[in-house]
Amino acid sequence: MLKMQKLSKIYRTHQIETHALREFSLTVNEGEFVAVTGPSGSGKTTFLNVAGLLEEFEGGSYQLDGHDVRGLNDNQRSKLRNEKIGFIFQSFNLIPDLSLFDNVDLPLRYRRMPTSERQKRITDALTRVGLGSRMQHYPSELSGGQQQRAAIARALAGSPRFLLADEPTGNLDSQMARGVMELLEEINASGTTIIMVTHDPDLARRAQRNVHVLDGQVSDGLQLVAAA
Amino acid sequence: MIIYQLKMAWLNFKRAPALTALMVLAIGVGIGASMTSLQVFRAMSGNPIAWKSDRLFYVQIDSWGPGENASNSQAEREPPDQVSYRDAQMVMQAKQAKRQAAMFQTGFMLKSADPKFKPITSTARATYSDFFPMFDVPFAAGSGWTADDDERRSRVVVLSAALNEKVFGEVNSVGKSVFLDQVEFKVIGVLKRWQPRPKFYDLTNANFSDSEDMFVPYSYVVGAQMQPWGNNNCREGSGEGYAGYLASTCIWQQLWVELDRPLEQPRFLDFLNNFSLDQRKSGVTSWAPNNRLRNVSQWMEEVGIVPSDVQISAILSVGFLLVCLINTAGLMLAKSLSRSGEIGLKRALGASRATLFRQGLLDASLVAIAGALVGGVLTWLGLLAMRKLGDEEIQAVARLDPMALLLVLALALISTLLAALYPTWRASLIAPATQLKTN
């Protein structure tokens, strides 16, 4: 379970303070598929970054799978991120001079997993997204949709409890986007909790729950009640 | 894990090849320039007998009086840098040290028993039997002579490896004869290659010249009334005939003693000073004792074995290396910032800052090794140029030895890692969230 209560996040420059999240409360239960929507600058991505332990927050509390993340040091946050969270980005973020196998291998290396287990997980993950025969290919040799699938395989290989997806279909045409969405639904069906930030209302409608963010807060009262 | 990290470092090395090449070149040029100068400095300032340097003492006895030391105008109270025959004999006969050896350079016309062998002029060191154990001189065959040989003026000779090869080829010549100025000498020892640089036991002649071709008993050479081939300074003329020369205050001999322990230095200096007081009491001299007893390091420092231009060059070269490293640090920073997206991604996938910092230093180590290769080649070329263009002393020491190669690698690694600290630390602080969205 992911639980944020009255969480605040402020970006500061020399002259300006921007409250990216304010009194942000949200609970995502295990196995849910939640779509986070909202206009640009509403705080969707900031929420995802804080949820993914990529950024710290100022006030409030955040519990990730039973761990209170406030006060954790960099090593502890990195370990938790590696074990509990998988990321999917809009621009795939594959490393161009590593093969798909090595790209998927990357998070497993940080977990110091034994070689045999790593190899099995990589093979399984790539096979699951339909790229079992392309393990030694490089990202530049694949289509956009295939690259996103490889990125999903990388996120899945570590068996995370949560998949955080930031506009996962934003760089894909509609056919490829549909394929990726179907894959995410299939992953969710097998028990992985997914939180997806999207601008696309059609995609949001396919999620089990929609959370609308506005001015750094969850704006839909119904969702707040439901989450609580 | 280390193999994987090395693989990642290699991938990073291959990325942005122009930047990488510039980094390697900057380190290589810095290392090459600095090591060329430092190697010459090291060779000149190195102590060739460091393991017992603190027990070997060079003796200086003031037989000239205050202000008479023309060879050392900057330190008028400094006694002459060599001793007279008379003073050398006093120390030799007193036998107050564990070992003692007076010595000077001379030379012979050498012939072998083989009539086809053309006579050659060879340098020789006239010395005492203690010379060999005192300076740990290595023998390939045979040994040095004995104290008895010193007493009996024996016609025995120890050949250097090079002279033995020239006269006898590869054969062990111990027991054979050579003719020195037409007098038959028996070969009793052949040295292994022995070229202490600087030639610490005689720093009053060419400091970096080769060791002598052969070694013969001092007593024989003096008995044969032979002249020294090295420096000879006389304050009041050299006396009548050879006997007058020996009785004069001319300085032409080096005098070394080995003491059991470094702490015995004051005791032996007292002995020298008491001798000088006796000389004063008996009217031979008119000045207070002014003697010195310096160990090898102290004596090399006193002589100023490293020319000032070599010292300045070494300091400047370190400054140049520093400039190269600052450039390298800038290039490393540029390269790591150009990889911000990848670093952010790795953070998102679970790499801690410490993990990325360690990987960054490993990346820098590969650059350092490549820089060391370039630096090693440039050092070799630099030393080659110094051998061709430098003066005689530099030509003698400008060589690339295994220790210098190790130093090249160590200097490249240490300096590159130092240069990499800031860029690597900066890279590990990259905020992943910003980079991932930007990407």
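Remember, predicted model here, so these are calculated numbers, not experimental data.

A word on the overall build of chain A. Along chain A, the regular secondary structure elements total eight helices and ten strands. Taken over C-alpha atoms, the radius of gyration comes to 17 Å for chain A, in line with the 17 Å a tight globule of 228 residues would show. Considering only C-alpha atoms, chain A reaches an extent of 45 × 40 × 35 Å along its principal axes. Burial analysis of chain A (228 residues in total) assigns 46% to the buried set. The long-range share in chain A, meaning contacts at least 24 apart out of those at least 6 apart in sequence, stands at 71%.

Residues and elements named next belong to chain A. In contact at an axis separation of 8 Å, helix α4 (residues 115–128) and helix α5 (residues 144–157) are set at 140 degrees when each is read in the N-to-C sense. The angle between the axes of α4 and α5 places the two elements in the oblique class. For the pair α4 and α5, the crossing hand works out as right-handed. Residues Arg121, Ile122, Ala125, Leu126 and Arg128 of α4 pack against Ala153, Leu156 and Ala157 of α5.

Take the nonpolar core next. Core analysis: the biggest nonpolar cluster contains 73 residues, and A:Val36, A:Ala153, A:Leu164 and A:Ile195 have the highest contact counts within it. Per-element accounting of this core gives the leading share, seven residues, to α5(A). Look past the residues within four positions of A:Val36 in its chain and what remains in contact with it is A:Lys44, A:Phe47, A:Ile195, A:Met196, A:Val197, A:Val211 and A:Val213. Listed in part, the 60 residues of the second largest apolar core include B:Ala102, B:Phe168, B:Leu180 and B:Leu272.

Interface size, as often reported, equals the accessible area lost upon joining of the parts. The interface is formed by 20 residues belonging to chain B together with 22 residues belonging to chain A. Elements that contribute at least two residues to the side of chain B that touches chain A include exactly α1 (2–14), α12 (340–348), α13 (353–389) and α16 (432–438) of chain B. Across the side of chain B that touches chain A, the residue classes tally to eleven nonpolar, four polar and five charged.

This brings us to the domain arrangement of chain B. All names here are of chain B. As far as domains go, chain B holds domain 1 (2–47 + 307–438) and domain 2 (62–290). Computed over C-alpha atoms, the centres of domain 1 and domain 2 are 48 Å apart. In this assembly, five residues from domain 1 lie in contact with four residues from domain 2. Secondary structure elements with two or more residues in the side of domain 1 that touches domain 2: α2 (17–45) and α14 (392–397).

Our focus in this paragraph is the confidence of the model for chain B. Residues and elements named next belong to chain B. On average, residues of chain B carry a pLDDT of 91, and 97% of them reach 70 or more. The lowest-confidence element of chain B is α16, averaging 67 in pLDDT; the highest-confidence one is strand β8 (residues 214–217), averaging 98. On the interface metric, ipTM, the complex scores 0.89, and its pTM is 0.70.

Cis geometry is adopted by the peptide bond preceding B:Pro198, which originates at B:Arg197 and carries an omega value of -5 degrees. Inspection of the secondary structure assignment puts B:Pro198 in the loop between β7 (183–191) and β8. Positive phi, normally seen in glycine, also occurs at A:Asp65, with a value near 50 degrees. With respect to the helices, strands and loops of the structure, A:Asp65 is situated in the loop between β4 (59–64) and β5 (67–68). In this structure, B:Ala16 is a non-glycine residue whose phi angle is positive, near 45 degrees. Looking at the element boundaries, B:Ala16 is found in the loop between α1 and α2. Taking the C-beta count within 10 Å as the criterion, B:Ala16 has 16 such neighbours and is therefore assigned partly exposed.

What follows covers the pairing of strand β2 (residues 17–28) of chain A. All names here are of chain A. Pairing of strand β1 (residues 2–12) with β2 involves eight bridges; the strand directions are antiparallel. Each bridged residue has a counterpart across the sheet, and for arginine 12 the counterpart in β2 is glutamate 17. From the end of β1 to the start of β2, which pair antiparallel, there are four residues.

With that out of the way, let us pick up the pairing of strand β6 (residues 85–88) of chain A. Residues and elements named next belong to chain A. Because side chains alternate across β6, one face comprises the buried residues Ile85 and Phe87, and the other comprises Gly86 and Ile88, equally buried. Sheet analysis places β6 next to strand β7 (residues 162–166), joined by four bridges and oriented parallel. When the bridges of β7 are listed, isoleucine 88 appears paired with alanine 165.

On to the environment of A:Gly41, then. Mapped onto the fold, A:Gly41 is located in the loop between β3 (33–37) and α1 (44–51). Along the primary structure A:Gly41 and A:Gly216 are separated by 175 residues, whereas in three dimensions their C-alpha atoms are 8.5 Å apart.

About the cut-offs
Residues numbered from 1 in each chain as written. Chains lettered and ligands numbered in written order. Predicted model: local features only at pLDDT ≥ 70, side-chain atom pairs only at ≥ 80, totals over all residues. Helix = DSSP H or I, 4+ residues; strand = E, 2+ residues; numbered from the N terminus. Rg over C-alpha atoms; globule rule 2.2 N^0.38 Å. Buried ≥ 20, exposed ≤ 12 C-beta atoms within 10 Å, placed from the backbone. Contact = placed C-beta atoms within 7 Å. Axes fitted to C-alpha atoms, helices over the stretch in contact; angles between N-to-C directions. Parallel < 35°, antiparallel > 145°, perpendicular 65-115°, else oblique. Left-handed = near helix turned anticlockwise from the far one by under 90°. Core = buried A, V, L, I, M, F, W, Y, C linked by C-beta atoms within 7 Å. Nonpolar A, V, L, I, M, F, W, Y, C, P; charged D, E, K, R; others polar. Domains from an automatic or database assignment. pLDDT = per-residue confidence, 0-100. Pairing = 2+ DSSP bridges.

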